[in-house]
Structures are given as C-alpha cells and as structure tokens.
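# Chain and residue survey
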Amino acid sequence: MTAIPGLGSTRLASPDLLRSVFRRHAAGVAVITASGESGPVGFTATSLSSVSAEPPMLSFGIGTGASSWPVLSRATHVGIHILGEHQEALAATFARSGADRFGAPTAWRDGPQGVPVLDDVLAWLVCRVVARVPAGDHRIVLAEVVLGDPEGAGRPLLYHQGRFTALRD
C-alpha cells in the first residue's frame, strides 16, 4: 500500500483496489444466457446496466477468459435474467466454474431467438447484441431489448461484500 500524504490509506490503482472498492458496492444479480453449437451457456453477472431508453438498450461485462465467452463472442441474441432473493443457489451455480449450469435443478426453456430462458426469475429479456467493446481483459456487450417479461414475483437478489444477500426492510 502506498500512502498519499493527507489522504489516509489511499492506494494507487491496482486490481486489488478495484475489487476492494466494488465489494462495498451492492449490485443486483443477473444471469446472462446464450445458445451455442454445443448447447446453452450462461454466467452470473453483477455488471448489468441500463444504457438507453430509446432504443431500449443495456450493457454487461464478460471476461475474455470466461467459459461462456467463446459463445457470447458470436451470439446474435442473449437472455438477461434478473434473479430473486430465492435464487441464491442458481446464482452460485452460474458463477461456479465447471458447473452443469443447465442441468437439474435449473429450470429453463428454449425462448425466442433460441435463447435459453430461465424459469421463476423476477424478470427476463431477450436482447439483440449490437456491439462488443474491448475493455482490458473484458468485453462490454451492448444489447438492444427485443422482448421480455417484467412480471416475476419476489424481491431482488443482491451481491455485496463478496456474497449474495437480500434487501432489508
């Protein structure tokens, strides 16, 4: 740690600094899915962000070393799933390397544009990929909303301090 005079425990930029700061940032939890030649792929994301209302567009980040990246790098459409607080196990499954993400107990179906759609989520969208922007060891995927369902029941799952959690009243 390099202290900067007058700024307490200020540290210079590093991957560890970024991780430490973002552990303090509560984020909603989503699962991103796509369909590939060898079957469906998906991963847990906390980087989901609304980009534009007109046209309706969103973004998310994915590491180029992620197991889902080869399919996402070519996919024309993706599924975006907002998870509920009852879906911590599902979020953990899609975050775990080497997991059978679409095997039981994951409930899903083939959706529009062949995109895997997860059951029992708070909301889901099918989006058309419009760009993949290089950003360090990641790509920022920009996707335009095609259709979706915002009517799932429950409260959102959050990620904070390195673990899944729920809203408090």
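Our subject is the structure that appears above.
So, a few notes on the structure that sits alongside this text. (Residues numbered from 1 in each chain as written. Predicted model: local features only at pLDDT ≥ 70, side-chain atom pairs only at ≥ 80, totals over all residues. Heavy atoms only, no water.)

Here the focus is the overall build of the protein chain. On a plain count of helices and strands, the protein chain comes out with 3 helices and 12 strands. Its C-alpha atoms give the protein chain a radius of gyration of 17 Å, near enough to 15 Å, the size a compact globule of 169 residues would have. Projected onto its principal axes, the C-alpha positions of the protein chain cover 55 × 40 × 35 Å. The contacts in the protein chain between residues at least 6 apart in sequence include a share of 59% that link residues at least 24 apart. Surface summary for the protein chain: the accessible area is close to 9,700 Å², and the carbon and sulfur share equals 54%. Of the side chains in the protein chain, 14 bear a positive and 14 a negative charge, and the two mean positions are spaced by 11 Å. (Helix = DSSP H or I, 4+ residues; strand = E, 2+ residues; numbered from the N terminus. Rg over C-alpha atoms; globule rule 2.2 N^0.38 Å. Contact = heavy atoms within 4.5 Å. Areas by Shrake-Rupley, 256 points an atom, 1.4 Å probe, with all protein chains shown as cover. Lys, Arg positive; Asp, Glu negative; His and termini not counted. Charge placed at Lys NZ, Arg CZ, Asp CG, Glu CD.)

Right, let's talk about the sheet that holds strand 12 (residues 163-166) for a bit. Here 3 strands make up an open sheet; going across it, the order is 1-11-12 and the pairing antiparallel. The strands lining the two open edges of the sheet, one partner per strand, are strand 1 (27-28) and strand 12. Relative to strand 12, strand 11 (residues 157-160) is paired through 4 bridges, and the arrangement is antiparallel. Bridge pairing in strand 12 links Tyr 159 to Phe 164. (Pairing = 2+ DSSP bridges.)

Any two side chains of opposite charge can pair, on the condition that their charged atoms come close. Applying the stated rule across the entire model yields 4 salt bridges. Linking Glu 85 and Arg 155 is a salt bridge whose minimum nitrogen-to-oxygen distance equals 3.9 Å. You can see Glu 85 sitting in the loop between strand 6 (77-82) and helix 3 (88-95) and its partner Arg 155 sitting in the loop between strand 10 (138-149) and strand 11, a full 70 residues away along the chain. When its relative accessible area of 34% is taken as the criterion, Glu 85 is described as partly exposed. As a salt-bridge pair, Arg 109 and Asp 119 come within 2.5 Å of each other at their nearest N and O atoms. Of the two residues, Arg 109 sits in strand 7 (residues 108-110) while Asp 119 sits in the loop between strand 8 (116-118) and strand 9 (123-135), which places them 10 residues apart along the sequence. Judged by its relative accessible area of 29%, Asp 119 is partly exposed. (Salt bridge = Lys/Arg side-chain N within 4 Å of Asp/Glu carboxyl O. Buried < 20%, exposed > 50% of the residue type's maximum accessible area, 1.4 Å probe, protein only.)

Let us look at the pairing of strand 4 (residues 49-53). Pairing of strand 4 with strand 5 (residues 56-63) involves 4 bridges; the strand directions are antiparallel. For Ser 50, the partnering residue across the bridge sits in strand 5 and is Leu 58. A loop of 2 residues connects strand 4 with strand 5, the two strands running antiparallel in sequence.

Bringing the environment of Ala 34 into the picture now. Along the chain, Ala 34 falls in strand 2 (residues 30-36). Along the chain, Ala 34 and Ala 53 lie 19 residues apart, while their C-alpha atoms are 23 Å from each other. In this structure Ala 34 touches Gly 39, Pro 40, Val 41, Val 71, Leu 72, Ala 75, His 77, Val 78 and Pro 116, once residues within four positions along its chain are discounted.

It is worth spelling out the packing of aromatic side chains at this point. Applying the stated criterion across every chain yields a total of 4 aromatic pairs. Look at Phe 102 and Trp 108: their rings are 5.1 Å apart centre to centre, the planes differ by 75 degrees, and that puts the pair in the edge-to-face class. Given a relative accessible area of 13%, Phe 102 falls into the buried group. The exposure class assigned to Trp 108 is partly exposed, which follows from its relative accessible area of 29%. Of the aromatic side chains, those joined through ring pairs into one cluster are Phe 94, Phe 102 and Trp 108. (Phe/Tyr/Trp six-rings, centres within 6.5 Å; stacked < 30°, edge-to-face > 60°.)

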